[in-house]
Amino acid sequence: MRMDRMGAEGPVISGFSGGGFVVDGGAYRALVLTPVRADSWTPPSIDALGEGDVAPLLALDPQPEFLLLGTGASLVRPPAAFTQALTARGIGVEVMDSRAAARAWGMLRAEQRWIAGALYPLD
């Protein structure tokens, strides 16, 4: 599937490939996104996800409005402690499957929203 840039600045997910994502010509199995860059990510199992696993995203200045968390092929709730830790920092957590998160990333960045993303592989 191909997605268009829609006027967003920074990294844009343009499609899906091999269980992962195509971002500005590069392929990533799992990734973390900021408004200015995309990086490969080796996530823990979703039930072990902790605040430290997304530390670079939490260090953004200014901090992101919220973290867009794509949990793979289907929506899986992260541990309550993870969500509570980010909420205590003033960062919301929006959880959805990774395909939906990839599409939402493009729409939200086209609106110039200052967000971060962490996307698990699609399979």
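Residues numbered from 1 in each chain as written. Predicted model: local features only at pLDDT ≥ 70, side-chain atom pairs only at ≥ 80, totals over all residues. Heavy atoms only, no water.

1. Let's talk about the overall build of the protein chain
- Assigned secondary structure in the protein chain consists of 3 helices and 8 strands.
- Secondary structure elements of the protein chain, listed N to C terminal, follow the sequence β-β-β-β-β-α-β-α-β-α-β.
- Here the C-alpha atoms of the protein chain give a radius of gyration of 13 Å, agreeing with the 14 Å that 2.2 N^0.38 yields for 123 residues.
- Taking the principal axes of the C-alpha coordinates as reference, the protein chain spans close to 35 × 30 × 20 Å.
- Here the analysis covers contacts within the protein chain between residues at least 6 apart in sequence; of these, 64% occur between residues at least 24 apart. (Helix = DSSP H or I, 4+ residues; strand = E, 2+ residues; numbered from the N terminus. Rg over C-alpha atoms; globule rule 2.2 N^0.38 Å. Contact = heavy atoms within 4.5 Å.)

2. A look at the pairing of strand β8 (residues 116-119)
- Residues Ala116 and Ala118 point to one face of β8 and Gly117 and Leu119 to the other, with burial holding for every one of them.
- When strand β6 (residues 66-70) meets β8, the two strands line up parallel, connected through 4 bridges. Bridge assignment links Gly70 to a residue of β8, and that residue is Leu119. (Buried < 20%, exposed > 50% of the residue type's maximum accessible area, 1.4 Å probe, protein only. Pairing = 2+ DSSP bridges.)

3. Examining the sheet that holds strand β5 (residues 38-40)
- Taken in spatial order, the 5 strands line up as β5-β4-β8-β6-β7 in an open sheet, and their pairing is mixed. Only two strands of the sheet have a single neighbouring strand rather than two, namely β5 and β7 (92-96). For this sheet, the mean inter-axis angle between neighbouring strands, taken without regard to orientation, is 15°.
- The pairing of β6 with β7 spans 5 bridges and is parallel. In the sheet register, Gly70 faces β7, and the bridge partner there is Met96. (Axes fitted to C-alpha atoms, helices over the stretch in contact; angles between N-to-C directions.)

4. Describing helix α3 (residues 98-110)
- With 13 residues, α3 should reach 18 Å at 1.5 Å per residue; the first-to-last C-alpha distance of 18 Å fits that figure.
- The inward-facing, buried residues of α3 abut β1 (13-17), β2 (20-23), β4 (31-33), β6, β7 and β8. (Expected span 1.5 Å × (residues − 1).)

5. Points about unusual backbone geometry
- In this model, Asp61 is joined to Pro62 through a cis peptide bond whose omega is 5°.
- Here Pro62 shows up in the loop between α1 (55-58) and β6.
- Despite not being glycine, Asp24 has its phi angle at roughly 45°, a positive value.
- A relative accessible area of 47% places Asp24 in the partly exposed class.

6. Quick notes on the sheet that holds strand β3 (residues 26-28)
- Taken in spatial order, the 3 strands make up an open sheet running β1-β2-β3, and their pairing is antiparallel. Looking at which strands have only one partner, the edges of the open sheet turn out to be β1 and β3. Across the sheet, the axes of successive neighbouring strands diverge by a mean angle of 30°, strand direction being ignored.
- Relative to β2, β1 runs antiparallel, the two being bridged by 4 bridges. Residue pairing in the sheet places Gly15 in a bridge with Val22 of β2.

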